[in-house]
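So the chains spell out like this:
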Amino acid sequence: MTGERLRFDGWIAGVGTSSGTRLVVGHWPRSPFGAFSDVMVEHPDGERVLLAPSRRIADFVAATYRFDRIEVVPVAVTASGATWRVEAGPLHLRLRAGRRSALGLLLSAVPAPLVRSPLWAALCDVPARLLMPGVRTLGRAGPGRREWYGARDLRPVLAADAVLDGVSLGRLAPLDPPVAFGFGSAPRTPSLVRVTTTVEIGPAGR
């Protein structure tokens, strides 16, 4: 018996910095909450912070992932060509993406109905872990919840500048160690991933 399925369609950008702080930006033009963006921050000491644009979204994300602190702040993402700008309360991030990778070309050819399927996510889980250690495409997401990702594009992030609380986070670096918000990490190599994410909420999680 399946539960309620909530689908989010958009992009996930994951970047590391030389300071050790890692950032994961979710930009969701289509979701059950309307268009929104949020940012997950993991500090070098392991503290996990969610920057969310509303209490409703913060509560939903916090019930799906794990955080030590939550801040409700204005979050805005603007894209101009390959350049993305993220303003999220104390965080100011600018990143530049490269051309679609070979894997991105393959992913972009996958039909949309297949991308949304949990069976497809299960099939992709092992290859994803082998090709991109830390990445998972299917798993448990909070009490009574299951989640799966269907990637539809992949582009490298070539440059990033991030300032948090007025302090530069340093140069672009791998996401190392992997982030620990949920059952899987973003790719170790800084990336911009086009993705359809489905969260299934069972009866106990409603």
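Structure shown above.
Calculation rules
Note on numbering: residues in each chain are counted from 1, in written sequence order. Side-chain atom pairs in this predicted model are given and counted only at pLDDT of 80 or more, local residue features only at pLDDT of at least 70, and totals for whole chains, interfaces and linings cover all residues. Side-chain numbers come from the whole structure's heavy atoms, not from hydrogens or water. Any carboxyl oxygen of Asp or Glu within 4 Å of a side-chain nitrogen of Lys or Arg constitutes a salt bridge here. Only runs of H or I of at least four residues qualify as helices and only runs of E of at least two qualify as strands under DSSP, and these elements are numbered from the N terminus. Classification of residues uses two cut-offs on accessible area relative to the type maximum, computed with a 1.4 Å probe and protein chains only: under 20% is buried, over 50% is exposed, and between them is partly exposed. Here, the term nonpolar core denotes a set of buried Ala, Val, Leu, Ile, Met, Phe, Trp, Tyr and Cys residues that are joined through side-chain atoms within 4.5 Å. By the convention used here, residues are in contact when the closest approach between their heavy atoms is within 4.5 Å. Here a polar contact is recorded for every N or O atom pair within 3.5 Å, except that within protein the pair must consist of a potential hydrogen donor and a potential acceptor, and residues adjacent in sequence are included only if both atoms are side-chain atoms. Arc definition: directions from the helix axis to the C-beta atoms. Multiplying 1.5 Å by the residue count of a helix minus one yields the expected span of that helix. In this scheme, the bend at a residue equals the angle between the axes fitted to the seven residues that finish there and the seven that begin there. Think of it this way: a Phe, Tyr or Trp ring, Trp meaning its six-membered ring, pairs with another when their centres are within 6.5 Å, and the plane angle makes it stacked under 30 degrees, edge-to-face over 60, tilted otherwise.

Enquirer: Please explain the pattern of salt bridges as it appears in this structure.
Expert: One side chain can pair with another of opposite charge once the charged atoms of both are near each other. Counted under the stated rule, the structure contains 16 salt bridges. Among the salt bridges present, the one from D9 reaches R30, with a minimum N-O distance of 2.6 Å. Taken together, the positions of D9 in strand 1 (residues 4-17) and R30 in strand 2 (residues 22-30) put the pair 21 residues apart, joining distant regions of the chain. With a relative accessible area of 9%, D9 lands in the buried category. In this structure, a network of salt bridges that share partners links the residues D9, R30, R152 and R194.

Enquirer: Would you explain the nonpolar core in this entry?
Expert: One recurring pattern in soluble globular proteins: nonpolar side chains tend to sit buried together. With 26 residues, the main nonpolar core has V24, M40 and V61 as its most contacted residues. Taken together, the elements giving at least two residues each to this core come down to strand 1, strand 2, strand 3 (36-42), strand 4 (48-52), helix 1 (55-64), strand 10 (145-164) and strand 13 (191-201). Not counting residues within four places of it along the chain, the set of residues in contact with V24 comprises I12, A13, G14, D38, V39, M40, L175, V179, F181 and A186. Judged by nonpolar contacts, the second largest core, of 25 residues, contains V86, V157, L164 and L192.

Enquirer: Just checking my understanding: could you explain unusual backbone geometry for this structure?
Expert: For residues besides glycine, phi is generally negative; the peptide bonds are generally trans as well. P177 follows D176 through a cis peptide bond whose omega is 5°. Mapped onto the fold, P177 is located in the loop between strand 12 (172-173) and strand 13. A positive phi angle, near 55°, is found at D165, a position not held by glycine. For D165, the location among the structural elements is in the loop between strand 10 and strand 11 (167-168). Residue classification places D165 among the exposed positions, given a relative accessible area of 58%.

Enquirer: Help me out: how do you make sense of the side chain of S31 in this one?
Expert: Mapped onto the secondary structure, S31 falls in the loop between strand 2 and strand 3. Separated by 3.0 Å, the side chain of S31 and the backbone nitrogen of F33 make a polar contact. Within the structure, the side chain of S31 is placed 2.6 Å from the backbone oxygen of G34, a separation counted as a polar contact. Setting aside residues up to four positions removed in sequence, S31 forms contacts with R7, F8 and F36.

Enquirer: Would you mind going over helix 1 with me for this structure?
Expert: Helical geometry: 3.6 residues make up each α-helical turn, so side chains three or four residues apart lie on a common side. Those residues of helix 1 lying buried are I57, A58, F60, V61 and T64. Around the axis of helix 1, the buried residues are gathered within 165° of arc, so they sit on the same side. Each element contacted by the buried residues of helix 1 is listed here: strand 1, strand 3, strand 4, strand 5 (69-72), strand 10 and strand 13.

Enquirer: Honestly, helix 4 (residues 118-131) in this entry has me stumped. Any pointers?
Expert: Over its 14 residues, helix 4 runs 20 Å from end to end, which matches the ideal 20 Å to within 8%, given 1.5 Å per residue. The axis of helix 4 is deflected most strongly, by about 35°, at D125, and proline P127 appears within four residues downstream. Listing the buried residues of helix 4 in full gives P118, A121, D125 and A128. At the N-terminal boundary of helix 4, the capping side chain belongs to S117, with an oxygen 3.1 Å from the backbone nitrogen of L119.

Enquirer: Which parts of the structure should I look at to understand the packing of aromatic side chains?
Expert: Geometrically, a pair of aromatic rings is defined through the distance of the ring centres and the angle of the planes. What the rule picks out here adds up to nine aromatic pairs. Ring geometry for F8 and F36: centres 6.3 Å apart, planes at 85°, overall edge-to-face. With F8 in strand 1 and F36 in strand 3, this pair connects stretches of sequence that are 28 residues apart. The pair F8 / F36 is uniform in exposure class, with both members buried. An aromatic cluster of at least three residues, connected via ring pairs, comprises F8, W28, F33, F36 and F60.

Enquirer: Looking at this structure, I do not really get the environment of A151. What am I missing?
Expert: In this fold, A151 is placed in strand 10. What makes A151 partly exposed here is its relative accessible area of 26%. Distance in space between the C-alpha atoms of A151 and R69 is 28 Å, their sequence separation being 82 residues. Filtering out sequence-adjacent residues up to four positions away, A151 remains in contact with L107, V115, V193, R194 and V195.

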